[in-house]
Amino acid sequence: MSVNTGIFKAYDIRGIYPGELDETTARQIGRAFVAYLGAKRIAVGRDMRVSAPSIAAAFIEGAREQGADVVDYGMIATDMLYFAVARDAHEGGAMVTASHNPKDYIGMKLVRAEAFPLSGEAGISQIRDLVAGGSIPPPAAAPGSLSVNGALLDDYVSHVLGFIDPSIIKPFNVVLDAGSGMGGLVAPKLFARLPCRTTKLCFDIDGTFPNHEANPLIEENRRDLVARVVAERADIGIAWDGDADRCFFVDRDGEFIAGD
């Protein structure tokens, strides 16, 4: 099949939907992913992008066609997918997302067992060659099974809070900006178990990004957060990217704290 090999990046697979990455390509990537890993059981999740449900469904179809059993965790944050892969002993996992990119992008972040990431040098380039070269092994004699697990969030939040002693957290005044992304799923559950006073911005999950793109590295996407931190005299502001695997901070003066 003809495929745009430019979608295969150093750390993920990503392109504009549907011109660069569509359901046909996603199905072949699902097949190639399973063939590369030799996996018998994998996890799949997706973010809130408009194209994510159909792309995830196509990836799952390809993975099952290649013989893998698939557990579909539905709409989750990327770190939740990694948690599921490790906790539930999957042999691989795929998160359908385009992270911080504009709304017309879609893609996948891929991991092997124990949630170790695939990269351009280890996995992604091999999957690219299988798809582009038409060299994916033949489908399995019988397709893999499909099951759904929609009960991951509470366990994930408990796992995250397990890294700290919540009882020593002070009652900080915190402004949170989920960017209409998956932070809007996780943050309410998380901060409900902390003594912080929170002001929430863009917590309605919406893949059309009606307020601003979920990319806090761009200054204009932080303007509402900065303004509210200053107005509320908050201690800190926190903003997430679209799939909520990264967060960024502004201090009490509204100054952005660089990631490094």
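Refer to the preceding data block for the structure.
Engineer: How would you summarise the overall build of the protein if you had to cite specific residues and measurements?
Structural biologist: Across its full length, the protein holds seven helices and eleven strands. Counting all 260 residues of the protein, 48% fall into the buried class. At a minimum sequence separation of 6, the contacts of the protein that also span at least 24 residues come to 73%. Accessible surface, the protein as shown: approximately 11,800 Å² in total, 51% of it carbon and sulfur. Within the protein, one finds 25 positive and 35 negative side-chain charges whose respective centroids are separated by 2 Å.

Engineer: I'd like to hear about the environment of S2, residue by residue, with values.
Structural biologist: With respect to the helices, strands and loops of the structure, S2 is situated in the segment before β1 (13-16). Take S2: its relative accessible area is 73%, and that puts it in the exposed class. Linking S2 and V70, residues 68 residues apart in sequence, is a C-alpha distance of 26 Å.

Engineer: Before we move on, can you summarise helix α4 (residues 124-132) with the specific residues and values?
Structural biologist: For α4, the full list of buried residues reads I124, S125, I127, L130 and V131. Here the buried face of α4 lies against β1, α1 (23-37) and β5 (105-112). Just past α4, the residue G134 takes up positive phi, approximately 60°.

Engineer: Give me the lowdown on the packing of α1 against helix α2 (residues 52-65), citing residues and values where you can.
Structural biologist: Look at α1 against α2: their axes get within 7 Å of each other, and the N-to-C directions meet at 40°. By the angle between their axes, α1 is oblique relative to α2. Note that α1 runs across α2; the crossing there is right-handed. Mapping the contact onto sequence places E23, A26, R27, I29, G30, R31, F33 and V34 in α1 and S54, I55, A58, F59, E61, G62, A63 and E65 in α2. Class assignment of the residues belonging to the contact of α1 with α2 gives a composition of eight nonpolar, three polar and five charged.

Engineer: Can you break down the pattern of salt bridges residue by residue, with the values?
Structural biologist: One pass over the full model with this rule turns up 13 salt bridges. For D235, the salt bridge identified is with R252, shortest N-O distance 3.9 Å. Separated by 17 residues along the polypeptide, D235 in the loop between α7 (223-232) and β9 (236-240) and R252 in the loop between β10 (247-250) and β11 (256-257) bring together distant segments of the chain. Relative accessible area serves as the criterion here: at 27%, D235 is assigned to the partly exposed category.

Engineer: Mind laying out the sheet that holds β1, listing which residues take part and the relevant values?
Structural biologist: The mixed open sheet is built from six strands, whose spatial order is β1-β5-β4-β2-β3-β6. The outermost strands of the open sheet, each flanked by one partner alone, are β1 and β6 (146-148). Adjacent strand axes in the sheet meet at a mean angle of 20°, parallel and antiparallel pairs treated alike. Across three bridges, the pairing between strand β3 (residues 69-75) and β6 is parallel. Bridge pairing in β6 places V70 opposite L146.

Engineer: Could you give me a rundown of the packing of aromatic side chains, with the residues and numbers involved?
Structural biologist: Evaluated as defined, the whole model comprises three aromatic pairs. Aromatic pair F33 and F59: ring centres 5.8 Å apart, planes at 50°, arrangement tilted. Taken together, the residues F33 in helix α1 and F59 in helix α2 connect sequence positions 26 residues apart. The class for F33 is buried, based on a relative accessible area of 0%. Between R222 and the ring centre of F256, over which it is positioned, the NZ or CZ distance is 3.8 Å.

What counts, and where the lines are drawn
- Residues numbered from 1 in each chain as written.
- Predicted model: local features only at pLDDT ≥ 70, side-chain atom pairs only at ≥ 80, totals over all residues.
- Heavy atoms only, no water.
- Helix = DSSP H or I, 4+ residues; strand = E, 2+ residues; numbered from the N terminus.
- Buried < 20%, exposed > 50% of the residue type's maximum accessible area, 1.4 Å probe, protein only.
- Contact = heavy atoms within 4.5 Å.
- Areas by Shrake-Rupley, 256 points an atom, 1.4 Å probe, with all protein chains shown as cover.
- Lys, Arg positive; Asp, Glu negative; His and termini not counted.
- Charge placed at Lys NZ, Arg CZ, Asp CG, Glu CD.
- Axes fitted to C-alpha atoms, helices over the stretch in contact; angles between N-to-C directions.
- Parallel < 35°, antiparallel > 145°, perpendicular 65-115°, else oblique.
- Left-handed = near helix turned anticlockwise from the far one by under 90°.
- Nonpolar A, V, L, I, M, F, W, Y, C, P; charged D, E, K, R; others polar.
- Salt bridge = Lys/Arg side-chain N within 4 Å of Asp/Glu carboxyl O.
- Pairing = 2+ DSSP bridges.
- Phe/Tyr/Trp six-rings, centres within 6.5 Å; stacked < 30°, edge-to-face > 60°.
- Lys NZ or Arg CZ within 6 Å of the ring centre and 35° of its normal.

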